[in-house]
Every structure is written in structure tokens, then in C-alpha cells.
Amino acid sequence: MQEYDLYMNPQKPSVGLYVRKGAGLPDLADPKEWVFDGTCAQDLLPPGVIKNVETNGHSFRDMD
């Protein structure tokens, strides 16, 4: 089963950034602004997040 890494921005804790496990941060993110927050299995994420990661290499998610 595919897994995804979650990164959080301490300045904006309501936004999460998902990428494929081990992919690191995409070019659009300033690595200094994001902190690794763990890995999540595919079956625990909404289908839209998975689709966006597959299409774009990343997905933002409202964590509220």
C-alpha cells in the first residue's frame, strides 16, 4: 500500500502538505518553512489528496 509523508508549517498549522513517502518537499515549498510530521497510509487519506499527489506530486490539505 502506498504511503504519504505529511509536512506541517508551524506558522500555518491549519495547512498540511502531502507527498509520496520519501519524495521530500516539492520545489514550490521552502524547506525551512515545513517540518516532517509523519507518514500516513493511503487508506487513511481522502481520495482527493491521493489524486492530487499522483497528478501534481503534492497536495495541500486543510487540517482543521
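Residues numbered from 1 in each chain as written. Predicted model: local features only at pLDDT ≥ 70, side-chain atom pairs only at ≥ 80, totals over all residues. Heavy atoms only, no water.

Side note on the side chain of H58
The line we're drawing: Each helix is a run of H or I in the DSSP string that is no shorter than four residues. Each strand is a run of E no shorter than two, and both are numbered from the N terminus. Polar contact is the term for a pair of N or O atoms within 3.5 Å; when the atoms are in protein, one must be able to donate a hydrogen and the other to accept it, and sequence-neighboring residues count only if both atoms are side-chain atoms.
Its place among the elements puts H58 in the loop between α1 (47–56) and β4 (59–62). Among the polar contacts listed, one links the side chain of H58 to the backbone oxygen of N56, at a separation of 3.3 Å.

Focus on the packing of aromatic side chains
Put simply, the rule is: Side-chain rings of Phe, Tyr and Trp (the six-membered ring for Trp) are treated as a pair once their centres are within 6.5 Å; stacked means planes under 30 degrees apart, edge-to-face means over 60, and tilted covers the remaining angles. Any residue under 20% of the maximum accessible area for its type is buried, any over 50% is exposed, and the rest in between are partly exposed; the area is computed with a 1.4 Å probe on protein chains only.
Evaluated as defined, the whole model comprises two aromatic pairs. Ring geometry for Y7 against F36: centres 5.6 Å apart, planes inclined by 70°, an arrangement best described as edge-to-face. Here F36 lies in strand β3 (residues 35–41) and Y7 lies in strand β1 (residues 3–9), a separation of 29 residues in the sequence. Since its relative accessible area comes to 45%, F36 is described here as partly exposed.

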